[in-house]
Structures are given as C-alpha cells and as structure tokens.
Amino acid sequence: MAVTLTEAAARHVTRYLARRGKGVGVRLGVKTTGCSGLAYKLEYADDIAPEDIIFEGHGVKVLVDPKSLPYIDGTELDFVREGLNEGFKFHNPREKDRCGCGESFRV
C-alpha cells in the first residue's frame, strides 16, 4: 500500500507550506460526487489525526484517511504546468473511468 508524490509535487507543497508558515503536509482523500461517483479531495494539513495513514516522499508527508485508501492506493500525486495552467494531477492505477469534465472518477 502506498501513495507517492513526484519531486515536482513535493517542491510545490514544500514552497506553499513555507509561505503559509505552518502545516505538516497534505491530506489526500476522496469524496462522493460527480457523474462518475468519486472525486479527489486535497488540502494542506496542519495536524495529523490519530487514524491517518502517513506516507512520505521527498520530505513531504501525505496523510490519507483509512476509508479513502482503498480507492487511491497506488496513486502518484504530481504537480504539472500545461501552458498557462498549473495544478496537481493524480495518476491512479485503480481508476477505471473518468467523467468527461474531469471532475470525478470510478474505480
């Protein structure tokens, strides 16, 4: 079981946490929504909950709640720039389908 992040994602998170002046890493999970059923939920985490499963890569902690892990196990979190847009991308081997708008996915 693992959730990983690329060097680019780790650099972005590290820079953002430094600007915020607080935080222990990022919290990755899923929520029920959209036409395909699930959507990624990503936020900066200021503390670690007792139930969190902690993964670490390139010096950055990724916190995952136990209910989300079966849907995102094996996911790699990346940070990419495409033209004028930049943002996080999720490379999830468990994804079977993604809705047309890119908002949600199905496993």
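For the structure given in this document, a descriptive report is provided here. Quick caveat: nothing in here was measured; it's all calculated off a predicted structure. (Residues numbered from 1 in each chain as written. Predicted model: local features only at pLDDT ≥ 70, side-chain atom pairs only at ≥ 80, totals over all residues. Heavy atoms only, no water.)

Overall, mixed pairing links the three strands, which are arranged β1-β6-β7 in an open sheet. Lying at the two open borders of the sheet, with one neighbouring strand each, are β1 (4–5) and β7 (85–91). In the packing of helix α1 (residues 7–20) onto the sheet, contacts are made with β1, β6 (76–82) and β7, and the angle to β6 comes to roughly 85 degrees. (Pairing = 2+ DSSP bridges. Helix = DSSP H or I, 4+ residues; strand = E, 2+ residues; numbered from the N terminus. Contact = heavy atoms within 4.5 Å. Axes fitted to C-alpha atoms, helices over the stretch in contact; angles between N-to-C directions.)

What follows concerns the nonpolar core. One finds V3, L5, L28, V62, V64 and I72 to be the most contacted residues of the largest nonpolar core, which totals 20 residues. Those elements that provide at least two residues to this core are α1, β2 (25–33), β3 (37–45), β5 (60–64), α2 (69–72) and β6. Among the elements that take part in this core, α1 stands out by supplying four residues, more than any other. (Core = buried A, V, L, I, M, F, W, Y, C linked by side-chain atoms within 4.5 Å. Buried < 20%, exposed > 50% of the residue type's maximum accessible area, 1.4 Å probe, protein only.)

Following the criterion strictly, the structure yields nine salt bridges and no others. A salt bridge links R27 to D52; its shortest N-O distance comes to 2.7 Å. Of this pair, R27 sits in strand β2 while D52 is found in the loop between β3 and β4 (53–57), placing the two residues 25 residues apart along the sequence. Accessibility classification places R27 together with D52 in one group, the buried group. (Salt bridge = Lys/Arg side-chain N within 4 Å of Asp/Glu carboxyl O.)

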